[in-house]
Amino acid sequence: MTKQQKLEVHFRITNIEFVGFEMSLPPDFRPLERYQYDIDIESHIDHNNKLILVNLDIHIKNGKTKYGRLSSNYLYTIDNFDEVILKDKDQKYIVPTELQTSLNSISISTARGLMFSTLKGTALHNAILPVIDPKGFESNKL
């Protein structure tokens with residue numbers, strides 16, 4: 001395959017798991033117009049089942065003060081796994097950058113919806129995760 005040819009990846013989201021939400025507000029809490037977010041995202045390969053699992057933790061904070069955390073998992077089936085996910089010389093799986101970016105984007109966008117529905121009616125109801133460039137989370141060797 002030349003650089004000009006791109007391998008088409010056939011994947012689908014198989015499962016969305018809401019792991020949990022924690023909220024810890026100080027007694028003097030006042031809702032903010034803007035919050036800060038730390039996002040931890042990790043991907044794991046399950047070669048036998050042709051799956052990629054994306055674990056996502058979103059921390060809601062202001063400076064060093066943490067207000068909440070949402071944890072969720074996203075399971076993706078890669079139909080042409082053996083054509084797409086290869087190994088390097090150290091036997092680590094290499095996920096194509098475009099695929100990893102797509103999985104991150106879908107996971108973060110889905111988490112935004114989970115956050116919105118989870119926070120509705122709480123003191124953090126306006127802590128809406130902004131649009132985030134998923135390329136900032138790229139790590140394609142697993």
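That block above? That's the structure.
Small disclaimer: the values here were computed from a predicted structure and weren't measured. (Residues numbered from 1 in each chain as written. Predicted model: local features only at pLDDT ≥ 70, side-chain atom pairs only at ≥ 80, totals over all residues. Heavy atoms only, no water.)

Brief notes about helix α2 (residues 97-119)
Phase 1: The end-to-end C-alpha distance of α2 is 32 Å, a good match for the 33 Å that 23 residues give at a rise of 1.5 Å each.
Phase 2: When we look at burial in α2, the residues that qualify are L99, Q100, T101, L103, N104, S107, I108, A111, R112, L114, M115 and L119.
Phase 3: Looking at the buried positions of α2, the neighbouring elements they touch are β1 (11-23), β2 (36-46), β3 (51-62), β4 (65-78) and α1 (81-84).
Phase 4: Where α2 terminates, the next one or two residues include G121, which has phi positive at roughly 85°. (Helix = DSSP H or I, 4+ residues; strand = E, 2+ residues; numbered from the N terminus. Expected span 1.5 Å × (residues − 1). Buried < 20%, exposed > 50% of the residue type's maximum accessible area, 1.4 Å probe, protein only. Contact = heavy atoms within 4.5 Å.)

Structural notes on the pattern of salt bridges
Phase 1: Applying the stated criterion across every chain yields a total of four salt bridges.
Phase 2: Residue R69 pairs with E22 through a salt bridge whose shortest N-O separation is 3.1 Å. Here E22 lies in strand β1 and R69 lies in strand β4, a separation of 47 residues in the sequence.
Phase 3: Judged by its relative accessible area of 47%, E22 is partly exposed.
Phase 4: A salt bridge links D82 to K50; the shortest N-O distance between them is 3.1 Å. (Salt bridge = Lys/Arg side-chain N within 4 Å of Asp/Glu carboxyl O.)

Quick notes on the sheet that holds β2
Phase 1: Within the open sheet, the four strands sit side by side as β1-β4-β3-β2. Their pairing is antiparallel. Whereas interior strands pair on both sides, the edge strands pair on one side only; in this sheet they are β1 and β2. Each strand of the sheet is rotated relative to its neighbour by a mean of 15°, with strand direction disregarded.
Phase 2: Pairing of β1 with β4, which is carried by 11 bridges, proceeds in the antiparallel orientation. Bridge assignment links F18 to a residue of β4, and that residue is S72.
Phase 3: Contacting β1, β2, β3 and β4, α2 runs over the sheet at an angle of about 130° to β4. (Pairing = 2+ DSSP bridges. Axes fitted to C-alpha atoms, helices over the stretch in contact; angles between N-to-C directions.)

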